[in-house]
Amino acid sequence: MDILETDAFDRRQRRNMSCALLLSLLPFFLSAALFFYLWTPDSSASIMSAGVKSAPILLLAAAVLSWNGGQSVLGVVGGLIFSAVGDCCLVWPELFLPGMGAFAVAHLLYSFAFLSSRYSSYSSSSSIWIRSIYLILFMFGGGFYIYIYPFLQKAPDSGTLLPAVGVYVVLIVLMGSLAIRTHNVATLLGSLAFMVSDLSLALQVFKVTAPMQHGNHVVMVTYYLAQLLIAVGDVNAVNNNDDVAKWKRS
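A. A look at the packing of aromatic side chains. Evaluated as defined, the whole model comprises 15 aromatic pairs. When the ring of F28 is compared with that of F29, the centres are 5.3 Å apart and the planes differ by 65°; the resulting orientation is edge-to-face. Given the relative accessible area of 4%, F28 is considered buried. Arranged with centres 5.2 Å apart and planes meeting at 75°, the rings of F35 and F36 form a pair that is edge-to-face. In this structure F35 comes out as buried when scored by relative accessible area, which is 3%. A connected cluster of aromatic rings, assembled from ring pairs, spans F28, F29, F35, F36, W39, F103, F194, Y223 and Y224.

Put into structure tokens, the structure is as follows:
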């Protein structure tokens, strides 16, 4: 009977946590909806447009900080803050490289978070499959860089852009690879969505493909979805880790 009562209590706790988390994410959803309502492809660069674009990510950072406290500052919260900086920079085309640098730092912080003890890791028995997926991801990243290389060479600042994009590809693939080891579905899906968003952005920015009618919408929808999933995954990881610690002490 005690086991059944404990199980029922755990289910109620998880349900209550899900409701509370959803409420804390409402500002993110509202600000993202405002962005898509106000934003058009021909919008002029301004401080206002930068603020509207970065607001959902800053609100996500605040939500994660309210749940996890300081332990996520040098992880997902820090990554979200640097992502917001990158969002602001990308509003102005001439700040593309600083924006990419800010996102590179964000991927590094996400990678550090995914390596932390609050995320589970796969056992050695499944490591061969995980390493195979790592290899596939890095081969995909390398293949994509080779594919866009001729288009990067045509850019006015190709001397800086070629190595910068190469480093960025390595960092985002590393982040996606480390997400696999976390055992966290939200984290994994968020990392993959981030890769899809950046791939779509690169194809358009470097003129690899013809302009797509809804290309910018694809980039932003997958981007906001990626950040949301990574944030939710971090909150779940911390709470699950706390539950395990309480169980061990009991």
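B. Representation of the nonpolar core. Counting 62 residues, the largest nonpolar core has L80, F114, V165, F194 and F206 as its most contacted members. The element contributing the most residues to this core is helix 7 (residues 158-180), with 12 residues. Not counting chain neighbours up to four residues away, the residues in contact with F194 comprise F103, H107, Y110, Y168, I172, M175, Y223, A226, Q227 and I230.

C. View of the packing of helix 6 (residues 127-153) against helix 7. The interhelical angle for the contact between helix 6 and helix 7, taken along N-to-C directions, is 160°, at an axis separation of 10 Å. In terms of axis orientation, helix 6 runs roughly antiparallel to helix 7. Here helix 6 and helix 7 pass one another in a crossing that is right-handed. Classifying every residue of the contact of helix 6 with helix 7 by side-chain character gives 18 nonpolar, 6 polar and no charged.

D. Quick look at the environment of R131. Mapping R131 onto the fold places it in helix 6. R131 sits 46 residues away from S177 along the chain, and the two C-alpha atoms are 9.0 Å apart.

E. Here's a closer look at helix 3 (residues 47-68). Along its 22 residues, helix 3 runs 30 Å from first to last C-alpha, staying within 8% of the 32 Å computed at 1.5 Å per residue. Taking the largest bend as the criterion, helix 3 deviates by roughly 40°, centred on A55, and proline P56 comes between one and four positions later. Along helix 3, the positions that sit buried rather than exposed are A50, V52, K53, S54, P56, I57, L60, A61, A63, V64 and N68.

Reading the values: the criteria
- Residues numbered from 1 in each chain as written.
- Predicted model: local features only at pLDDT ≥ 70, side-chain atom pairs only at ≥ 80, totals over all residues.
- Heavy atoms only, no water.
- Phe/Tyr/Trp six-rings, centres within 6.5 Å; stacked < 30°, edge-to-face > 60°.
- Buried < 20%, exposed > 50% of the residue type's maximum accessible area, 1.4 Å probe, protein only.
- Core = buried A, V, L, I, M, F, W, Y, C linked by side-chain atoms within 4.5 Å.
- Helix = DSSP H or I, 4+ residues; strand = E, 2+ residues; numbered from the N terminus.
- Contact = heavy atoms within 4.5 Å.
- Axes fitted to C-alpha atoms, helices over the stretch in contact; angles between N-to-C directions.
- Parallel < 35°, antiparallel > 145°, perpendicular 65-115°, else oblique.
- Left-handed = near helix turned anticlockwise from the far one by under 90°.
- Nonpolar A, V, L, I, M, F, W, Y, C, P; charged D, E, K, R; others polar.
- Expected span 1.5 Å × (residues − 1).
- Bend = angle between axes of the 7 residues up to and from the residue.

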